[in-house]
Amino acid sequence: NFGISDEEHVDFIGLNAKMNEIQAAWGLSNLEIYSSEFKRREKIYDFYFSSLFGKKGITIPRFKDKNTKSYQYFPILLDKVLEPNSRNKLYENFVKHNIYARKYFYPACSDYPCYSNIRGRNNLHVTNDVKSRILCLPFYGDLSDDQLDEIVKIIINFINK
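Anyway, here's the lowdown on the structure attached to this text.

Rules used throughout
Residues numbered from 1 in each chain as written. Predicted model: local features only at pLDDT ≥ 70, side-chain atom pairs only at ≥ 80, totals over all residues. Heavy atoms only, no water. Helix = DSSP H or I, 4+ residues; strand = E, 2+ residues; numbered from the N terminus. Contact = heavy atoms within 4.5 Å. Areas by Shrake-Rupley, 256 points an atom, 1.4 Å probe, with all protein chains shown as cover. Patch = residues over 30% accessible without salt bridge, like charges linked within 9 Å, V, L, I, M, F, W, Y side chains within 5 Å. Salt bridge = Lys/Arg side-chain N within 4 Å of Asp/Glu carboxyl O. Axes fitted to C-alpha atoms, helices over the stretch in contact; angles between N-to-C directions. Parallel < 35°, antiparallel > 145°, perpendicular 65-115°, else oblique. Left-handed = near helix turned anticlockwise from the far one by under 90°. Buried < 20%, exposed > 50% of the residue type's maximum accessible area, 1.4 Å probe, protein only. Pairing = 2+ DSSP bridges. Core = buried A, V, L, I, M, F, W, Y, C linked by side-chain atoms within 4.5 Å.

**Regarding the overall build of the protein**
Part 1 of the argument: When helices and strands are counted, the protein shows four helices and five strands.
Part 2 of the argument: When its helices and strands are written in sequence order, the protein yields β-β-α-β-β-α-α-β-α.
Part 3 of the argument: With the C-alpha coordinates aligned to their principal axes, the bounding extent of the protein is approximately 55 × 45 × 35 Å.
Part 4 of the argument: Relative to all contacts within the protein whose residues are 6 or more apart in sequence, the contacts with residues 24 or more apart total 66%.
Part 5 of the argument: When the accessible surface of the protein is split by element, carbon and sulfur atoms take 53% of a total near 11,700 Å².

**Quick notes on a nonpolar patch on the surface**
Part 1 of the argument: Where nonpolar side chains cluster on the molecular surface, the patch consists of L28, L31 and Y34 and spans about 360 Å² of accessible area.
Part 2 of the argument: When you line up the elements, L28 lands in helix α1 (residues 21–52).

**Remarks on the packing of α1 against helix α4 (residues 145–160)**
Part 1 of the argument: The contact between α1 and α4 brings their axes to 11 Å, and the two run at 30°. Classified by the interaxial angle, the pair formed by α1 and α4 is roughly parallel. Once α1 is placed against α4, the crossing between them reads as right-handed. Between α1, through R40, I44, F47, Y48, S51 and L52, and α4, the contact on the second element is made entirely by D145, L148, D149, I151, V152, I155 and I156.

**Concerning the pairing of strand β4 (residues 75–78)**
Part 1 of the argument: Of the two faces of β4, both are covered, the one formed by P75 and L77 as well as the one formed by I76 and L78.
Part 2 of the argument: Inspection of the sheet shows β4 paired to strand β5 (residues 134–136) by three bridges, in the antiparallel sense. Residue L77 lies in a different strand from β5, and its bridge partner there is I134.

**Some thoughts on the nonpolar core**
Part 1 of the argument: Formed by 28 residues in total, the largest nonpolar core has its most connected members in Y48, L52, I76, L90, F94 and I155.
Part 2 of the argument: Listed by contribution, the elements that provide at least two residues to this core are α1, β4, α2 (86–96) and α4.
Part 3 of the argument: Per-element accounting of this core gives the leading share, eight residues, to α4.
Part 4 of the argument: Look past the residues within four positions of Y48 in its chain and what remains in contact with it is F53, F74, L137, P138, F139, L143, L148, I151 and V152.

**Focus: the sheet that holds strand β3 (residues 58–59)**
Part 1 of the argument: Strand order across the open sheet formed by three strands is β3-β4-β5, with antiparallel pairing between neighbours. On the outer flanks of this sheet lie β3 and β5, each paired with one strand and no other.

**Quick notes on the environment of L143**
Part 1 of the argument: Locating L143 in the fold gives a position in the loop between β5 and α4.
Part 2 of the argument: Looking at L143, the relative accessible area reads 3%, which means it is buried.
Part 3 of the argument: Sequence separation between L143 and R40 is 103 residues, and the spatial gap between their C-alpha atoms is 9.0 Å.
Part 4 of the argument: In contact with L143, other than residues within four places in its own chain, are R40, I44, Y48, P138, L148 and I151.

Written out as structure tokens, the structure reads:
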């Protein structure tokens, strides 16, 4: 609730996520392409998954069958068996090839100075581990099959060196 605890107190930084009219109109216009974009992303997901699942050095987060995928991101975790700082090295390798992956979710919100006084923020062992190993691959409907092949090839070459 925007960090508001009552009418007179704001206890922490919150979020106001209301849409304005322009954002709403943009969203409505995108509904026309939603179905085709979703189907293409589903195919991209399947391609990445079938190409990368089970490869030594990579973990792909799995969803339970009852969960519905949003196809918003395709994250991979670079395993600790790889060289130190492998996520950043793979990221830089992508940049050299004009491929832009994302270091989600890095830095973690708990690293922001505005949260420095929150008790227990240094005990986030899973967060601190994952934030340095996660990389979200390019994931949008206009990715061509050739681009997807190149992305996977770069990853495979990186983990096999």
